[in-house]
Amino acid sequence: MFEKILIANRGEIALRVQRACREMGIKTVAVHSTADSEAMHVRLADEAVCIGPPAARDSYLNKAAIISAATITGADAIHPGYGFLSENAAFAEMVAEHHLTFIGPDPKHIRNMGDKVVAKQTAKEAGIPVVPGSEGAIPDENAAVEIADSIGYPVLIKASAGGGGRGMKVAQSRDDVREAFTTAGTEAKAAFGNGEVYMEKYLGHPRHIEIQVLGDKHGNVVHLGERDCSLQRKHQKIFEETPSPALNRAQANEIGDVVVTAMKKIGYDNAGTVEFLYEDGKFYFIEMNTRLQVEHPVTEMVTGLDLVREQIRVAAGLELEFKQEDVKFEGYAMECRINAENSYTFAPSPGKILGYHAPGGRRVRVDSGMFAGFKIPPHYDSLIAKLIVQGSTREECLMRMRRALHEYVIDGIDTTIPLHQAVLNEPTFVDGNYDIRWLENFVASRNAK
Ligand code: ADP
């Protein structure tokens, strides 16, 4: 087992990984930019190394500085968290070249799944259902029209190198296709340095349902059920729950088994998430994330597992300690992502936290590095806390989340707590009847009042 792990991230996820390490008796090294010198992940680590100025490209994305920090401190592995370098195959390879272990899958999986055209092809060949669409990248405008005609309108043009919901364009009719093809390509080129695009049928009212998997280096793979992440704004998840209100356990296990079979076929190791759109009883693969997800705690709440601990164990070459039939799902869990943003305009709200009181009590978990006096830097993602609760029924879970949000005090900045409170009182949401467009419609009608 590793003796010392460097955590190449910041904020709540750096703290999350640190907690697992400490509970396993593993020493931790924090890295930070000059903007994060006072951050909780730095204060609580055994050692900390400053790796550069505030801009992420010079610090948290600075591969050489991070590898040097690991070498100097004598760390034997690097956990990348999510975001930043977590899905960077070149970084994972560089880590290995420096005789360190990357806590994540084999870099070949990161590379394959990072290219969405390759990912879709890989998924399809491994037996996972995919969204009907183009066979690979689209060569030119005329081909785009031909393919769109054969799929049927509306269609969605997506960037092969896409991520974070960027580089997607909908075409409602034949007239729109040429323009959508050109703008999507230009945007993708600007955002990702790769203008390649592909096409999918545009689904009208899907839910976003994803399957968590865990594999080791010995060919064992299990799934840990699903998460429903349909509550989204601008393709960004805001709230997640498990089990999905749209599925029963048998349906969830059925798609879970399809995913496990596919992951065994490709030899996937470590934690990963296979994302689907779900509409009219059918699942359609959209992408795979080859890392820990922001919303992993809801899975931990219902399975009782520690996903980071499992990631560390399998990266160290150990076998999974349990089989599929040992995985038990207990009750319901929900997560509210709390962002430093205005809950009406969604304008970022960095700045100093003047007062802070986190909720507690039975079956409540708060993952956050916040404290009174902390100055949230403007340079990074606006996620500042995750509030997770568990309940024996979905109703109990909703009641508990409402009371936990009521207890949460974050003074000095705007947060999305009021948005969550409004959503949790909306009858259609309470009934579980929401799809990926529900939140945007809700926000638009609320703001019109
Ligand atoms: P990214 O990697 O940029 O997040 P995804 O492929 O995961 O891109 O898609 C992000 C979101 O975009 C999905 O959760 C869904 O809301 C929407 N989306 C993606 N593909 C489709 C589709 N074929 N039809 C309708 N909506 C889609």
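Novice: Before we go on, may I ask you to explain the sheet that holds strand β2 (residues 27-33) in this structure?
Specialist: Across a sheet, paired strands are connected by hydrogen bonds in the backbone, their directions being either parallel or antiparallel. Reading across the sheet, the 5 strands line up as β3-β2-β1-β4-β5 and stay open at both edges, with parallel pairing between neighbours. Of all strands in the sheet, those bounded by a partner on one side alone are β3 (47-52) and β5 (101-102). Here strand β1 (residues 4-7) runs beside β2; their pairing, made up of 4 bridges, is parallel. Each residue of the ladder has a partner; that of Leu6, found in β2, is Val29. Sheet strands in contact with helix α3 (residues 63-73) are β1, β2, β3 and β4 (77-79), and its direction is about 150° off that of β3.

Novice: I tried to follow the domain arrangement of the protein chain on my own but got confused; where do I start?
Specialist: Along its sequence, the protein chain is organised into domain 1 (4-103), domain 2 (132-201) and domain 3 (207-448). One C-alpha centre belongs to domain 1, the other to domain 2, and the line joining them spans 36 Å.

Novice: In this structure, what is going on with the pairing of strand β19 (residues 383-391)? I would like to understand it.
Specialist: By the criterion of burial, β19 is predominantly enclosed, with 9 of the 9 residues buried. Across 8 bridges, the pairing between strand β14 (residues 332-339) and β19 is antiparallel. Considered in β19, the bridge of Arg337 is made with Lys386. Of the pairings in the sheet, the one linking strand β17 (residues 364-368) to β19 comprises 5 bridges and is antiparallel in character. From the neighbouring strand, Ser368 faces β19, where its bridge partner is Ala385.

Novice: Where do I start with the pattern of salt bridges in this structure?
Specialist: Going through the model one piece at a time under the given rule, you end up with 35 salt bridges. A salt bridge links Arg207 to Asp228; the shortest N-O distance between them is 2.8 Å. Linking Arg207 in strand β9 (residues 207-215) with Asp228 in strand β10 (residues 221-233), this pair joins segments that are 21 residues apart in sequence. There is no split in this pair, since Arg207 and Asp228 are both buried. Salt bridges linked by common partners bring Glu210, Arg227, Lys237, Glu240, Glu275, Glu295 and Arg337 together as one network.

Novice: Got a minute to help me understand the nonpolar core in this structure?
Specialist: Proteins that are soluble and globular tend to have nonpolar side chains buried together. In this structure, Leu387 and Phe429 are the most contacted members of the largest nonpolar core, which totals 39 residues. Of all the secondary-structure elements, those providing two or more residues to this core are β11 (236-242), β14, β17, β19, α12 (394-407), α13 (417-423) and α15 (438-448). Per element, the largest residue contribution to this core is 5 residues, and it comes from α12. Formed by 28 residues, the second largest nonpolar core is a distinct cluster that contains Val17, Ile26, Leu224 and Val327.

Novice: Hey, could you run me through the site of the ligand in this one?
Specialist: Within the structure, the ligand sits among 22 residues, and Lys116, Lys158, Gly165, Lys201 and Glu287 are positioned closest to it. The separation between a nitrogen atom of the ligand and a polar side-chain atom of Glu200 is 3.0 Å. A distance of 3.0 Å separates an oxygen atom of the ligand from a polar atom in the side chain of Gln232. When isolated, the ligand has an accessible area of 560 Å², and the protein chains bury 96% of it.

Novice: Is there a simple way to think about the packing of aromatic side chains in this case?
Specialist: The geometry of two aromatic rings is summed up by the distance between their centres and the angle between their planes. Scanning the model with the defined rule gives 12 aromatic pairs in all. Relative to Phe429, the ring of Phe239 has its centre 5.2 Å away and its plane inclined at 80°; by these criteria the two rings are edge-to-face. Of this pair, Phe239 sits in strand β11 while Phe429 is found in helix α14 (residues 427-430), placing the two residues 190 residues apart along the sequence. You'll find Phe239 and Phe429 in the same group, each marked buried. Ring geometry for Phe429 against Trp438: centres 5.8 Å apart, planes inclined by 40°, an arrangement best described as tilted. Judged by relative accessible area, which is 0%, Phe429 ranks as buried. Taken together through their ring pairs, the aromatic side chains of Phe239, Phe429, Tyr434, Trp438 and Phe442 make up a single cluster. Seen from the ring of Tyr434, Arg207 lies directly overhead, with NZ or CZ sitting 4.6 Å from the centre. For Arg233, the ring lying beneath its charged end belongs to Phe346, and the centroid distance is 3.6 Å.

So, how was this worked out
- Residues numbered from 1 in each chain as written.
- Predicted model: local features only at pLDDT ≥ 70, side-chain atom pairs only at ≥ 80, totals over all residues.
- Heavy atoms only, no water.
- Pairing = 2+ DSSP bridges.
- Helix = DSSP H or I, 4+ residues; strand = E, 2+ residues; numbered from the N terminus.
- Contact = heavy atoms within 4.5 Å.
- Axes fitted to C-alpha atoms, helices over the stretch in contact; angles between N-to-C directions.
- Domains from an automatic or database assignment.
- Buried < 20%, exposed > 50% of the residue type's maximum accessible area, 1.4 Å probe, protein only.
- Salt bridge = Lys/Arg side-chain N within 4 Å of Asp/Glu carboxyl O.
- Core = buried A, V, L, I, M, F, W, Y, C linked by side-chain atoms within 4.5 Å.
- Near = heavy atom within 4 Å.
- Polar contact = N/O pair within 3.5 Å; in protein donor to acceptor, adjacent residues only side chain to side chain.
- Areas by Shrake-Rupley, 256 points an atom, 1.4 Å probe, with all protein chains shown as cover.
- Phe/Tyr/Trp six-rings, centres within 6.5 Å; stacked < 30°, edge-to-face > 60°.
- Lys NZ or Arg CZ within 6 Å of the ring centre and 35° of its normal.

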